[in-house]
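# Remarks on the overall topology
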Amino acid sequence: MSATSKTYTLNTGAKIPALGLGTWQSGPNEVEKAVEIALRKGYRHIDTALAYGNEAEVGRGIKNSGVPREEIWLTTKLDNPWHKRVSEGIDSSLKSLGVDYVDLYLMHWPSSTDPDDLKKHYPDWNFVKTWEEMQKIPSSKARNIGVSNFGIKNLEILLNDPTCKAIPAVNQIELHPNNPSPKLVAYNSSKGIHSTGYSCLGSTGSPLYKDPTLLSMAEAKGKTPQQVLLAWGLQKGWSVIPKSVNKERIEKNFELDGWDLTDEEVKKLDGLKDRFKVCGDAWLPVKVFFGDDE
Ligand SMILES: NC(=O)C1=CN([C@@H]2O[C@H](COP(=O)(O)OP(=O)(O)OC[C@H]3O[C@@H](n4cnc5c(N)ncnc54)[C@H](OP(=O)(O)O)[C@@H]3O)[C@@H](O)[C@H]2O)C=CC1
Ligand SMILES: O=C[C@H](O)[C@@H](O)[C@@H](O)[C@H](O)C(=O)O
């Protein structure tokens, strides 16, 4: 497997690099360096969001790396309280990042949150209207548009609406062996929507690192548990965006070339029974997960 050069072709024809660097919870004064280290190592895909408050640092990391902008896939996301201000949202992200365009602009959550009261959802707005606005973003600013945290129910609502002319290129969702969501991944694929797996290592303090099946598989292969988790995601057919701010770990996570998981190993990880979700919807003013992705 050559994970480092692998790309997936989106429904727009664009090619998204299979392995990217995540930046959620990458703190101030560490994410700029992390992005630079990753790009110097060979990563060509960076994932950020307005909500992470780190777009300016991410942009500086990109510049410091010396890697030409056109060689990098850059994703950012529209924050929930910005659903009525899509055009302002993209402009704000571009300005913070210090770039002319992003490769992918995602609706972060299907929740049109009232900025004056984050516990409230706008009574007169929803994600269908937000998508209507996102479709108007010129491709000179966002080459591709997509969604995140959409389950099957919400995707059905969106795709069946007459205002939905562009099928989302990507649905970025939580994917790891303890939250594999096979129905949702299959639904995405059936509609031509690429899945990107977030919290692909199980996020900070990952319970997966204690899983005996994973640990013994990694040991037998002479790989880290994190490398095995990333290989699993890539062999399942989605892109993965592991976050790290540690040079050694950023580099290790990229060392996936020249080896594979066997079909049997993939199935073993598919068969893990424990379940946990890193990002639920309890903090949102609306429910967005309906258990339809299992
Ligand atoms: N669309 C959405 O709503 C969401 C999107 N995301 C995106 O997905 C990315 C990845 O998800 P995230 O939740 O951050 O979690 P990940 O599953 O990527 O795990 C990150 C954690 O694992 C640690 N880690 C990374 N590599 C290693 C390693 N080789 N060995 C040991 N520990 C390691 C990191 O620590 P350290 O930095 O110290 O190495 C960090 O604590 C996010 O950063 C974000 O870009 C995430 C959540 C929701
Ligand atoms: O991308 C990251 C996540 O969506 C994150 O922003 C939300 O899940 C929320 O803020 C949380 O902390 O749970």
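Residues numbered from 1 in each chain as written. Chains lettered and ligands numbered in written order. Predicted model: local features only at pLDDT ≥ 70, side-chain atom pairs only at ≥ 80, totals over all residues. Heavy atoms only, no water.

Once that is clear, we can look at the site of ligand 1. Around ligand 1, a shell composed of 29 residues is seen, among which Asp 47, Leu 201, Ser 203, Ser 244 and Arg 249 lie nearest. At a separation of 2.8 Å, a nitrogen atom of ligand 1 approaches a polar side-chain atom of Ser 148. Between a nitrogen atom of ligand 1 and a side-chain N or O atom of Asn 253, the distance comes to 2.9 Å. Of the residues assigned to the shell around ligand 1, the class counts are 11 nonpolar, 14 polar and 4 charged. (Near = heavy atom within 4 Å. Polar contact = N/O pair within 3.5 Å; in protein donor to acceptor, adjacent residues only side chain to side chain. Nonpolar A, V, L, I, M, F, W, Y, C, P; charged D, E, K, R; others polar.)

Contacts to ligand 2 come from Trp 24, Tyr 52, His 108, Trp 109, Cys 279 and Trp 283. The contact in question runs from an oxygen atom of ligand 2 to an N or O atom on the side chain of His 108, over 2.8 Å. Within the side chain of Trp 109, one N or O atom sits 2.9 Å away from an oxygen atom of ligand 2. Coverage of ligand 2 by the protein amounts to 73% of the 330 Å² it exposes when considered alone. Residue composition of the shell around ligand 2, by class: 5 nonpolar, 1 polar and no charged. (Areas by Shrake-Rupley, 256 points an atom, 1.4 Å probe, with all protein chains shown as cover.)

This part covers the nonpolar core. By size, the foremost hydrophobic cluster in this structure holds 80 residues, and its most contacted members are Tyr 105, Met 134 and Leu 261. In this structure Met 134 touches Leu 78, Val 86, Tyr 105, Leu 106, Met 107, Ile 145 and Gly 146, once residues within four positions along its chain are discounted. Formed by 7 residues, the second largest nonpolar core is a distinct cluster that contains Trp 109, Tyr 198, Ile 241 and Val 288. (Core = buried A, V, L, I, M, F, W, Y, C linked by side-chain atoms within 4.5 Å. Buried < 20%, exposed > 50% of the residue type's maximum accessible area, 1.4 Å probe, protein only. Contact = heavy atoms within 4.5 Å.)

Where helix H1 (residues 31-41) meets helix H2 (residues 55-65), the axes come as close as 7 Å, and the angle between the chain directions of the two elements is 40 degrees. The interaxial crossing formed by H1 with H2 has right-handed handedness. Across the interface between the two elements, Val 31, Glu 32, Val 35, Glu 36, Leu 39 and Arg 40 from H1 touch Glu 57, Val 58, Arg 60, Gly 61, Ile 62, Asn 64 and Ser 65 from H2. Per-class residue counts for the contact of H1 with H2 are 5 nonpolar, 3 polar and 5 charged. (Axes fitted to C-alpha atoms, helices over the stretch in contact; angles between N-to-C directions. Helix = DSSP H or I, 4+ residues; strand = E, 2+ residues; numbered from the N terminus. Left-handed = near helix turned anticlockwise from the far one by under 90°.)

What helix H4 (residues 127-134) keeps buried is the set Phe 127, Val 128, Thr 130, Trp 131 and Met 134. An end-on view of H4 places all buried positions within 160 degrees of arc, on one side of the element. Sitting at the head of H4, Asn 126 places a side-chain oxygen 3.0 Å from the backbone nitrogen of Val 128. (Arc of directions from axis to C-beta.)

Bringing unusual backbone geometry into the picture now. Phi at Gln 25 is positive, roughly 70 degrees, even though this residue is not glycine. Relative to the helices and strands, Gln 25 resides in the loop between strand E3 (21-22) and H1. Looking at Gln 25, the relative accessible area reads 47%, which means it is partly exposed. In this model, Asn 29 sits at a positive phi of 70 degrees, which is unusual for a non-glycine residue. Tracing the chain through its elements places Asn 29 in the loop between E3 and H1. Asn 29 gets classed as exposed once you look at its relative accessible area, which sits at 74%.

The subject of this paragraph is the pairing of strand E9 (residues 194-198). Among the 5 residues that make up E9, 5 are buried, leaving the element largely enclosed by the rest of the structure. Neither face of E9 is open: one carries His 194, Thr 196 and Tyr 198, the other Ser 195 and Gly 197, and all of them are buried. One ladder, built from 5 bridges, connects strand E8 (residues 170-174) with E9; its direction is parallel. Directly across from Gln 172, in E9, lies its bridge partner Thr 196. Of the crossover connections in this fold, the one passing from E8 over helix H6 (residues 182-190) to the parallel E9 is right-handed. (Pairing = 2+ DSSP bridges. Right-handed = clockwise from strand over helix to strand, strands pointing away.)

Quick look at the UniProt feature "active site" (unreviewed entry) in the protein chain now. Those residues carrying the UniProt feature "active site" (unreviewed entry) are Tyr 52 in this numbering. Mapped onto the elements of the fold, Tyr 52 is located in the loop between strand E4 (45-47) and H2. The exposure class of Tyr 52 is buried, given its relative accessible area of 19%. Every residue in contact with Tyr 52, bar those within four places of it in the chain, is listed here: Thr 23, Trp 24, Asp 47, Lys 77 and His 108. (UniProt positions renumbered as here; feature names shortened; annotations may be inferred.)

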